[in-house]
Amino acid sequence: MNIKKSILALSLLSATQFATAGEVEVLHWWTSGGEAKSVAALKDMLEAQGHTWKDFAVAGGSGTSAMTVLKTRAVSGNPPAAAQIKGHDIQEWGGLGFLTNLDDVADQNKWEEKVPSLVTDIMKYDGEFVAVPVNVHRVNWLWANRDVFQKVGVKVPTTMDEFFVAGDKLKAAGIIPLAHGGQAWQDATVFEAVALDVLGSEDYRKAFVELDMDTLKGDKMVEAFRIFKKIHNYIDKNSPGRDWNIATSMVINGDAAMQIMGDWAKGEFTAAGKVAGKDYVCVPAPGTAGQFTHNVDSFAFFQLQDKENVKAQKALAATILTPEFQEVFNLNKGSIPVRMDADMSKFDSCAVDSMDTFKASAKSGDLVPSMAHGMSTTSYAQGAMYDVITNFFNDPKADPKEAAVKLAKAVKAAM
């Protein structure tokens, strides 16, 4: 849908409901190319309704810096109207009494009918809507530069064995096989993709959702660490500290062949004018075809005192789940709409495949929450896993069996 038409439609729909303008301050960490375009679309749609958007962007792909700033603001009694919070963190903020009830907006716009319960359940605290889902990301993707693979004469890998075969040939040709950013959350993103392959969906849930000690330190987890360690041989020495979007640009420019990353990476390809299936290839992370690791972005809404700002806040909540915004946002972001009635006709093959797999995996039991992106467990358990995973990945002498034991111990201590 044309962005101007979308804005006009929202203006007409909302003119009577939100006659008085207010201001919303929105905290987020969407600052890269595709992400920035997505936020701009939401800002434009809100301002078309007569309200004012105050941008509160804190750079950092995992949101760690943003959460630090948010905690300071909330404790001082000056929270933003909405903040990018997701997964178990929504429950933690709800438990602290900071979040506001959005049930009236949800009822009026029939969120329960449009969004799957797997998602709406995450958006509630104590049975009440306190957050709004924006999209669904598939995390277990492999992005590949098509020209690089054709030039070297290897096929894009669909299994880990194929990954290492391709990686060796790419290295021999002087190309970095895997673009990677040496940050804890990026290490965890690659690790959970390997773990999903090795453990399978059921044991993945046992490990990262149920936090089952036997699974966390079991033979399958040891094997996951072994493969993960081997992957380190296929990244470049300049990886430490690199942002994820810089790693994506390496694939776009042909400096690297592949990246294991969520589909927000596609937003970077789109922003660079690249076309799916022509300039780049998207396939499930090796060994995870038919499985879907989900990361649902969302905004949690904080209690405000000013009545006009509350009206603007409710307008923002309603706008996020409109078909118009869902389409514009996700076309830019690389993700798929969270509404199950979304029109996918304007989306590329990667997004269509993602939506198909999302729906199919929900039925097959292969839809699992991302540990690396805060969907599967608490921030405490996730942080403990981050430490073990990233320390292991960056220690050439680290032992996979010892790492699995450390993983279980660290999670137990964080419970």
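Now for a look at the structure at hand.

## Observations regarding the sheet that holds strand β14 (residues 367-369)
Here we have three strands laid out as an open sheet, ordered β7-β12-β14, and mixed in their pairing. Each having just a single partner strand, β7 (137-138) and β14 make up the two edges of the open sheet. The pairing of β7 with strand β12 (residues 292-295) spans two bridges and is classified as antiparallel. Its bridge partner lying in β12, His-137 is registered against Asn-295.

## Some remarks on the packing of helix α12 (residues 219-231) against helix α19 (residues 400-414)
For any two helices packed against each other, the geometry is given by the interaxial angle and the distance between the axes. The N-to-C vectors of α12 and α19 enclose an angle of 120 degrees; their axes lie 8 Å apart at closest approach. With respect to α19, the axis of α12 lies oblique. In the packing of α12 onto α19, the handedness of the crossing is right-handed. In this structure, α12 contributes Met-221, Val-222, Phe-225 and Arg-226 to the contact, and α19 contributes Pro-400, Lys-401, Ala-403, Ala-404 and Leu-407. Taken together, the residues that form the contact of α12 with α19 break down as seven nonpolar, no polar and two charged.

## Observations regarding the sheet that holds strand β9 (residues 176-178)
Reading across from one edge, β9-β10-β8-β11 is the order of the four strands in this open sheet, with mixed pairing throughout. The two strands at the open ends of the sheet, each matched to only one other strand, are β9 and β11 (280-284). Taken pair by pair, the neighbouring strands of this sheet meet at an average axis angle of 15 degrees, ignoring direction. This element, helix α9 (residues 160-172), spans β9 and β10 (256-260) of the sheet and lies at about 160 degrees to β9.

## So, the nonpolar core
Membership of the largest hydrophobic core comes to 76 residues, with the highest contact counts inside it found for Trp-143, Phe-149, Phe-191, Phe-208, Met-221, Phe-225 and Met-258. Core analysis: the second largest hydrophobic core is formed by 63 residues, Ala-41, Leu-46, Phe-56 and Ala-312 among them.

## Description of unusual backbone geometry
For Asp-126, which is not glycine, the phi dihedral falls at a positive 55 degrees. Among the structural elements, Asp-126 can be located in the loop between β4 (124-125) and β5 (128-129). A positive phi angle, near 55 degrees, is found at Leu-211, a position not held by glycine. Tracing the backbone through its elements, the reader meets Leu-211 in the loop between α10 (184-208) and α11 (213-216). Residue classification places Leu-211 among the buried residues on the basis of a relative accessible area of 11%.

## Here's the deal with α12
Over its 13 residues, α12 runs 19 Å from end to end, which matches the ideal 18 Å to within 8%, given 1.5 Å per residue. Among the residues of α12, those classed as buried are Met-221, Val-222, Ala-224, Phe-225, Ile-227, Phe-228 and Ile-231.

Conventions we followed
Residues numbered from 1 in each chain as written. Predicted model: local features only at pLDDT ≥ 70, side-chain atom pairs only at ≥ 80, totals over all residues. Heavy atoms only, no water. Pairing = 2+ DSSP bridges. Helix = DSSP H or I, 4+ residues; strand = E, 2+ residues; numbered from the N terminus. Axes fitted to C-alpha atoms, helices over the stretch in contact; angles between N-to-C directions. Parallel < 35°, antiparallel > 145°, perpendicular 65-115°, else oblique. Left-handed = near helix turned anticlockwise from the far one by under 90°. Contact = heavy atoms within 4.5 Å. Nonpolar A, V, L, I, M, F, W, Y, C, P; charged D, E, K, R; others polar. Core = buried A, V, L, I, M, F, W, Y, C linked by side-chain atoms within 4.5 Å. Buried < 20%, exposed > 50% of the residue type's maximum accessible area, 1.4 Å probe, protein only. Expected span 1.5 Å × (residues − 1).

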